[in-house]
Every structure is written in C-alpha cells, then in structure tokens.
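# Descriptive analysis of the structure
Residue strings, one per chain:
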Amino acid sequence: MLVLGIETSCDETAVAVLRDGREILSNVISSQVEVHARYGGVVPEVASRQHMLAITPIYRAALAEAGVAPNDLDAIAVTAGPGLAGSLLVGVNYAKGIALGLGAPLYGMNHLEGHMYAGWLEDGPTPEEAIGFPMVCLLVSGGHTELVLMRGHGDYQLLGSTRDDAAGEAFDKAARVLGLGYPGGPAIQKTAELATRIEPLPRAWMRGTLEFSFSGLKTALLNKARDQNVAVGLDQGRPEGLDEAGEERRNALAAGFQEAVVDVLVTKAFEAVEQHSARGIIVGGGVSANASLRATIQAKSPVPVAIPRPVLCTDNGAMIATVAFYGIQRGLQPDMAVDANPRQGFQQG
Ligand code: KG4
Ligand code: ZN
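### Section: the site of ligand 1
In the region of ligand 1, 19 residues are neighbours, and G142, D172, Q189, G286 and N290 sit closest. Taking H115, its side chain carries an N or O atom lying 3.0 Å from an oxygen atom of ligand 1. In the model, a nitrogen atom of ligand 1 is placed 3.0 Å from a nitrogen or oxygen of the N290 side chain. Contact with the protein chains covers 89% of the free accessible surface of ligand 1, which is 550 Å². Elements that contribute at least two residues to the shell around ligand 1 include exactly α4 (111–117), α6 (167–177) and α7 (184–193). Per-element accounting of the shell around ligand 1 gives the leading share, four residues, to α7. Built from parts of two domains, the shell around ligand 1 gets at least three residues from each of domain 1 (2–117 + 311–329) and domain 2 (133–307).

What follows is the structure, given as structure tokens:
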C-alpha cells in the first residue's frame, strides 16, 4: 500500500511516499528557515505563502524520487492540526485536490501523533516490538511538550504538558536572547558544545505532577545574560560581537540552559514510566534531535528508549503517512471534508 504524506503545519513543506507503513520511498522536506531567520522566528503569513510556492515542486519531487506515478497512490494523508491555520490550510486543500483528482481516499491526521509514530519509520524492530505497550512518549517540539502514555495503536492518555512555553519554543527564545539566531535549538546545541563550564540555571520541577514549565528558566537566563553582558540578541547589541571572555560566558549560559531543559525532560519521562509501569520510552518532535537530550536519556534510562534519527524527529511527511497507515489498519475512515484544525489535541482513548 502506497500512502502519500503531506505536512505543512509550521515552517516545513514536506511530502513523502511510504510503502506499507514503514518503507520510506521518498521524504522530501523544504525548510523555510532562511526566510524566517530574517525575522527571528516564524511569521505565519510568510509561512503560508512559502508553502503555496513550495508545495507543487515538493509533491512532484516526492513522486519522482519514489519512482511512482500519482495513480499508484492508494491513500492521501495530510496534517489537519495542530499548527498554524494558514499553513495547515495550504496542505489540506492541496491534499483534497490530489485526492479528488485521483479518486483516492483522504485522511486528516494529527501532527502530534505523527511525531509519536516517527519511530515506526526506522529499520529493524518497531518500538512495539522492541519495547512493547504501554510506553511513555516524550513529545518535544516547537509548539508542544507532552508526556503521553501510549497503551496501544491509537490509544493514548495525556499525562502532562507544559503550563507555558514548549521546550522548542524555550530553546528558540534562549537563542534569541543570546544572539544565536533562528532556529534556536540547533544553535544552542552548537554553542553549548563549545562551553568549558556550565552556568547553573534553575529547574521548575512542578512536583507531584507530570507537567512542565519553562518560563522561569527563560527569565533566569535572560537576567543572567543581562548581568553578564551577553544578552546580545536584545538590548545589548554589539555589532562587533563578543570578546573571548564574553563568548565563554555565553557558551556557559547556553550549556546551562540546555542542561536544565534536558534534566527536567528526562527526569519527568522517568517519573511517568515509574508511575504507569511503562515498558519503555519513545521520544519525538524537533527537540528530540538534540544531541544532549538523546545521549542523556539513553544513558540514564532504566527502560529501553527509542529515538528516531534526527531527520525524522523534525517535521516531515513520512510520519504523517505512517500514522495514517496504522490508522487505516484499525479501520480509520477516509474523509473528503477534512478541515484544518489549528488547536487539535490528542484523541484520548
Ligand atoms: O517538531 P518540529 O520540527 O516543529 C514543530 O512541530 O514545532 O520542532 C521544531 C523545534 C524548534 O523549536 C527547534 O528549535 C527545535 O525543534 N529543535 C531543536 C533541535 N533541532 C530542532 N531543539 C534543540 N536541539 C536541537 N538540535
Ligand atoms: Zn512538529
């Protein structure tokens, strides 16, 4: 079975062709990073327009790379939400057009569920085979930070989420304060790797819950960066850049920030495992591309952990196709009236 997966919820225009739920025939991703970098973050109107420009060439490239004709496609899957309204609409309408033209069934999928299923795209045993249900999913992206108990395919319980910023959003804001550009996650990671010491920053543990909060950490970073004259992304702009000592202070702050986020994410994921007797952990979403998070959770976990390779952690079409495939196996019905749903949450069982 060939499923086309279309993802346009944020700033990546992505189309993939997937065979039988797990074999990636193509996974073409066009990132808008350079366009948004000029503004220091994603500008929704710009994102929609970029999706409109990119979607047809990316669709054609995905088919060409997969070596399939449109008529070979058995199903069309598209991200219906959550995400930016205008961006989602571009993907949803494009998918409708293709499905109508081909007479193929259309499936509107949940972006967060797509991130959870990215591990099913890897070669070798699936997370289900390697870990087994129930498993805890740590979902960390630009818009979401969630702990979900996955009890089976399509059977989820939301255990906790963030009360304020998402982990990726916190990375992006921290990078902006430190003048490291957009997107912030990879920039903070690179800067932290240069650090020779780690500046301690506070963690919000939200004791007794599986919730997160990153706004206090963000403020602590901002205050320290100002005190130490390295808030160069904000009010302390220095066109000539930082001197060597300043760079060292900035590196130490980036390292401290990353360590604080990773510490909380990993500790809370382990608490969730313990509380729900889960058999293992799957990690998904853009922040799971972070090298420190990957290394820390793998090294410390008392249970098996599955993290997809970084290109499958960030937004892509293959994850949307695979979640549709598993839905179809369970009898998910096609819906030509799929609507963009910017605030879509988890369908809890
Ligand atoms: O899942 P994703 O591609 O898009 C959303 O659904 O939001 O996640 C994007 C987020 C951004 O906030 C980005 O800074 C973060 O993932 N990210 C990272 C890394 N790569 C991407 N955060 C930390 N370390 C990374 N290496
Ligand atoms: Zn995402």
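### Here we look at the packing of α7 against helix α9 (residues 244–276)
One can describe the packing of α7 onto α9 by two numbers: an axis separation of 8 Å at closest approach and a directional angle of 120 degrees. Judged on the interaxial angle alone, α9 and α7 are oblique. Handedness of the crossing formed by α7 with α9: left-handed. Contacts from I188, Q189, T191 and A192 in α7 reach R250, N251, A254, A255, F257 and Q258 in α9. Looking at the contact of α7 with α9, its residues break down into five nonpolar, four polar and one charged.

### Thoughts on the coordination of the zinc ion (ligand 2)
Within the protein, the atoms that donate to the zinc ion (ligand 2) are H111 (NE2), H115 (NE2) and D315 (OD), at distances of 2.0 to 2.1 Å. Mapping the donors of the zinc ion (ligand 2) onto the primary sequence yields the spacing H-x3-H-x199-D. Separated by four residues within a single helix, H111 and H115 lie in helix α4, roughly one turn from each other.

### Concerning the state of the cysteines
Applying the stated criterion to the full structure yields zero disulfides. Between C137, a cysteine without a disulfide, and C313, which holds the nearest cysteine sulfur, the sulfur-to-sulfur distance is 11 Å. For C137, a relative accessible area of 0% corresponds to the buried category.

### Examining the pattern of salt bridges
Per the counting criterion, the structure on display carries 11 salt bridges. We note a salt bridge from D155 to R151, for which the minimum N-O separation is 3.2 Å. Of the residues examined, D155 reaches a relative accessible area of 25% and is grouped as partly exposed. Judged by its relative accessible area of 34%, R151 falls in the partly exposed class.

Calculation criteria
- Residue numbers run consecutively from 1 along every chain, following the written order of its sequence.
- Throughout, the order in which chains and ligands are written sets their labels, letters from A for the former and numbers from 1 for the latter.
- Only residues with pLDDT of at least 70 are given local features in this predicted model, and only at 80 or more are side-chain atom pairs given and counted; all residues enter the totals for whole chains, interfaces and linings.
- As a rule here, side-chain values come from all non-hydrogen atoms in the structure, and water together with hydrogens is ignored.
- A single heavy atom is enough: if one lies within 4 Å of a molecule or strand, its residue is considered near that molecule or strand.
- Whenever two N or O atoms come within 3.5 Å, that pair is a polar contact, provided that in protein one can donate a hydrogen and the other can accept it, and provided that, for residues adjacent in sequence, both atoms are side-chain atoms.
- Here the open area of atoms and residues is found with the Shrake-Rupley method and a 1.4 Å probe, where only the protein chains shown may cover a residue.
- Note on conventions: DSSP H or I runs of at least 4 residues are helices, E runs of at least 2 residues are strands, and numbering of each starts at the N terminus.
- An automatic or database domain assignment is the source of the domain bounds shown.
- Axis lines are fitted to C-alpha atoms, over the contacting stretch for helices. Their N-to-C directions set the angle, which ranges from 0 to 180 degrees.
- Angle categories are assigned with fixed cut-offs, so that under 35 degrees is roughly parallel, over 145 is roughly antiparallel, 65 to 115 is roughly perpendicular, and the rest are oblique.
- Helix crossings get a hand from a simple test, with the near helix turned counterclockwise from the far one by less than a right angle marking a left-handed crossing and a clockwise turn marking a right-handed one.
- In this description, contact between two residues means that some pair of their heavy atoms is separated by no more than 4.5 Å.
- For this classification, Asp, Glu, Lys and Arg are treated as charged, while Ala, Val, Leu, Ile, Met, Phe, Trp, Tyr, Cys and Pro are nonpolar and the rest, including Gly, are polar.
- Donor atoms (N, O, S) are those found within 2.8 Å of the metal centre, with the cutoff raised to 3.2 Å for Na, K and Ca; water is not part of the atom list, so apparent gaps in a site can occur.
- Disulfides are defined as pairs of cysteine sulfur atoms found within 2.5 Å of each other.
- Burial here depends on accessible area, computed with a 1.4 Å probe over protein chains only, as a share of the maximum for the residue type. Under 20% is buried, over 50% is exposed, and the range in between is partly exposed.
- Salt bridges are counted wherever a side-chain nitrogen of Lys or Arg sits within 4 Å of a carboxyl oxygen of Asp or Glu.

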